[in-house]
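# Coordinates in review
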Amino acid sequence: MKEAGKIFSDLSDEMKTFATLTIRDLTKSFDKQHFANNHISLEIEAAKITAFLGHNGAGKSTLLNQMIGFTKPDRGDVCYGDISFVENRKQARSMMSYMSQQYAPLEKLTVEQNLEMLGRMRGLNTLELQKKLDQLLTDLEIKEYRRKQGKDLSGGLKRLTSFAMALIGSPTIILLDEPTNDVDPIRREKQWQLLQKLAHKGHTIIIVTHNLLEVEKYADNYALFNHGKLIKSGPVQQIIYQKQYQISFEFRNKDSLALFQDYTIINGSICQIEIEEKELTRLLPKITQELDRKNIFNLSLTQKNISISDLYREELTN
Ligand SMILES: Nc1ncnc2c1ncn2[C@@H]1O[C@H](COP(=O)(O)OP(=O)(O)OP(=O)(O)O)[C@@H](O)[C@H]1O
């Protein structure tokens, strides 16, 4: 097993040595009846943004809490390369930053004092600290609020300060629980752009979010959870490139619809079927046959790409 401190001390600001974060059989029950996390196994790539998705109560925050070591798993492990974060909680916390759903800025400290505190804890010297702090405030367009105390910030500005606190000092692994909530559309874009920059440098970014449009636009990978279980995971682009076809036609005789399993009837005379690309070649000849028998009129075929919202609905609604 590699020495725990070794990988971390090797990392410079422009970090190059990154490992996969491996979650193995992670299980947690708070009441011995329901699983908040139910035997989760997942590999999280370095240099990527991975979005954790799922309904309220699906277990996403519990998983983050176990990764950083705030919650002890009943079983399982989280490993960064060869380092077990469950066995080395201190190590986990020195390599990770965590932005929780609750606001982080201390109320009596100003925005910059909050950031300075975190930057110093992560080992930045005065020069580096000022540079990073200025850069973050500029990138997030919150420079004008730098001398405001935590208690005087709006909800969105608290969220942005918490976000900057998670990023300052460029931790190797960054865990973010709903960081774009309450934030205006322009600054949200800035948040995602910052995360993409960090991912390009090799950082592991994990973000819990309910904003599927943002996931589609900015995240590399997704993991979908339901009732404590991991349902599906993979690259976001893999979903988007799956094609689905929508066939619709006008029918005279309902008997002709017996050919198809799932269809929707619109206005009593139009049948609509959604099929995947691989099903298209099987179904089209049948439909054409029906056309020949003059039961089907006005056939139309449209192609649509599947979005992450389609996948979410398909997997999580019955
Ligand atoms: N400290 C705790 N004590 C008891 N139950 C808890 C605790 N933390 C979480 N839970 C329960 O574990 C389950 C998962 O909660 P969790 O907060 O991880 O879900 P989530 O996916 O992050 O939800 P949301 O999207 O609403 O933030 C829920 O049933 C929740 O009530």
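Just so you know, these numbers come straight off a predicted model, no measurement behind them.

## Description of the packing of helix 6 (residues 155–167) against helix 7 (residues 185–201)
Where helix 6 contacts helix 7, the axes come no closer than 12 Å and their chain directions differ by 10°. Regarding the angle of helix 6 to helix 7, the classification is roughly parallel. Of the residues in helix 7, those touching helix 6 at Leu160, Phe163 and Leu167 are Arg187, Gln191, Leu194, Leu195 and Leu198. When the residues that make up the contact of helix 6 with helix 7 are grouped by side-chain class, the tally is six nonpolar, one polar and one charged.

## Describing the domain arrangement of the protein chain
By domain assignment, the protein chain separates into domain 1 (4–237) and domain 2 (242–316). If you average the C-alpha positions of domain 1 and of domain 2, the two centres end up 43 Å apart. With 13 residues of domain 1 in contact, the opposing surface of domain 2 contributes seven residues. Together, the buried faces of domain 1 and domain 2 total about 980 Å²; carbon and sulfur atoms form 70% of this surface. Ranking the residues of domain 1 by area buried against domain 2 places His55, Leu212 and Leu224 at the top, with a combined share of 44%. Of the charged contacts, one joins Lys232 and Glu315 as a salt bridge, the two residues approaching to 3.3 Å between their closest N and O atoms.

## Comments concerning the nonpolar core
In this structure, Leu53, Leu167, Leu176 and Leu195 are the most contacted members of the largest nonpolar core, which totals 47 residues. Of the residues forming this core, the biggest block, seven residues, is contributed by helix 6. Both domains that meet at this core, namely domain 1 (4–237) and domain 2 (242–316), each give it at least three residues. Not counting residues within four places of it along the chain, the set of residues in contact with Leu167 comprises Leu136, Ile174, Leu194, Leu195 and Leu198. If you look at the next biggest cluster of nonpolar residues, it comprises 29 residues, including Tyr80, Phe85, Met95 and Phe225.

## What about the site of the ligand?
Around the ligand, 13 residues are found, and the nearest of them are Gly57, Lys60, Ser61, Thr62 and Gln101. For the ligand, an oxygen atom lies 2.7 Å from a polar atom in the side chain of Ser61. Taking Gln101, its side chain carries an N or O atom lying 2.9 Å from an oxygen atom of the ligand. Here the ligand, which alone exposes 640 Å², has 56% of that area covered by the protein. In terms of residue class, the shell around the ligand is made up of three nonpolar, eight polar and two charged.

## Describing the pattern of salt bridges
One pass over the full model with this rule turns up eleven salt bridges. Arg146 is paired through a salt bridge with Asp134; the nearest N and O atoms lie 3.0 Å apart. Remark: Asp134 occurs in helix 5 (residues 126–139) and Arg146 occurs in the loop between helix 5 and helix 6; sequence separation between them is twelve residues. According to the relative accessible area criterion, Arg146 is buried, its value standing at 13%. Counted as one network, the salt bridges with shared partners bring together Glu112, Asp134, Arg146 and Arg147.

## Side note on helix 11 (residues 308–316)
Considered for burial, the residues of helix 11 that qualify are Ile308, Ser309, Leu311, Tyr312 and Leu316. The buried residues of helix 11 all sit within an arc of 160° when viewed along its axis, so they share a single face. Exposed residues pointing more than 90 degrees away from the buried face of helix 11 are listed as Arg313 and Glu314. Buried residues along helix 11 sit in contact with strand 3 (49–54), helix 8 (212–218), strand 9 (221–226), strand 10 (229–235) and helix 9 (236–240).

## Let's talk about a nonpolar patch on the surface
On the surface, a cluster of nonpolar side chains totalling about 300 Å² of accessible area is made up of Leu106, Met117 and Met121. Among the structural elements, Met117 can be located in helix 4 (residues 111–121).

## With respect to the side chain of Thr161
Considering the arrangement of structural elements, one finds Thr161 in helix 6. On the basis of relative accessible area, Thr161 is assigned to the buried category, the value being 1%. Looking at Thr161, its side chain comes within polar contact range of the main-chain oxygen of Leu157, at 2.7 Å. Look past the residues within four positions of Thr161 in its chain and what remains in contact with it is Pro105, Val111, Leu115 and Leu153.

## Digging into the sheet that holds strand 9
Pairing in this open sheet of six strands is mixed, and the strands run 6-7-8-3-9-10 from one edge to the other. Every interior strand has two partners, whereas the edge strands, strand 6 (96–99) and strand 10, have only one. For this sheet, the mean angle separating the axes of adjacent strands, direction not counted, is 15°. For strand 9 and strand 10, the ladder comprises six bridges, and the chain directions are antiparallel. When the sheet's bridge partners are listed, Leu224 is paired in strand 10 with Lys232. Its contacts with the sheet put helix 6 on strand 6 and strand 7 (173–177), and the angle it makes with strand 6 is roughly 170°.

The rules behind these values
Position numbers for residues count from 1 along each chain, tracking the sequence in the order it is written. It should be noted that, the model being predicted, local features are given only for residues of pLDDT at least 70 and side-chain atom pairs only at 80 or more, the latter also being counted only at that level, while totals for whole chains, interfaces and linings use all residues. Only hydrogens and water are removed before side-chain values are computed, so all heavy atoms of the structure are retained for them. Simply put, an axis is a line fit to the C-alpha atoms, just over the touching stretch for a helix, and the angle between two N-to-C directions goes from 0 to 180 degrees. Secondary structure elements follow DSSP: runs of H or I of four or more residues count as helices, runs of E of two or more count as strands, with numbering from the N terminus. Roughly parallel means an angle under 35 degrees; roughly antiparallel means over 145; roughly perpendicular covers 65 to 115; every other angle is labelled oblique. The contact criterion used is simple: two residues touch if any of their non-hydrogen atoms lie within 4.5 Å. Under this grouping Gly is polar, as are all residues other than the nonpolar Ala, Val, Leu, Ile, Met, Phe, Trp, Tyr, Cys and Pro and the charged Asp, Glu, Lys and Arg. Reported domain spans reflect what an automatic or database domain assignment gives. Computed with a 1.4 Å rolling probe, the buried area is the accessible surface lost when two parts are put together, summed over both parts. The term salt bridge refers to a side-chain nitrogen of Lys or Arg lying within 4 Å of a carboxyl oxygen of Asp or Glu. Take the buried Ala, Val, Leu, Ile, Met, Phe, Trp, Tyr and Cys residues and link them wherever side-chain atoms come within 4.5 Å; each set so joined is a nonpolar core. Each residue is assigned to one of three classes by its accessible area relative to the maximum for its type, calculated with a 1.4 Å probe on protein chains only: buried under 20%, partly exposed between the two thresholds, exposed over 50%. Working definition: residue near molecule or strand if any one of its non-hydrogen atoms lies within 4 Å of it. Throughout this description, a polar contact denotes any pair of N or O atoms lying within 3.5 Å of each other; where both atoms belong to protein, one of them has to be capable of donating a hydrogen while the other can accept it, and for residues adjacent in sequence the pair is counted only when both atoms sit in side chains. All accessibility values rest on the Shrake-Rupley procedure with a 1.4 Å probe; residue burial counts only the protein chains present in the view. Directions are taken from the helix axis to each C-beta atom, and the arc is the one they span. Here, patches come from residues exposed beyond 30% relative accessible area and free of salt bridges, joined within 9 Å for like charges and within 5 Å for nonpolar side chains (Val, Leu, Ile, Met, Phe, Trp, Tyr). At least two DSSP bridges between two strands are needed for those strands to be called paired.

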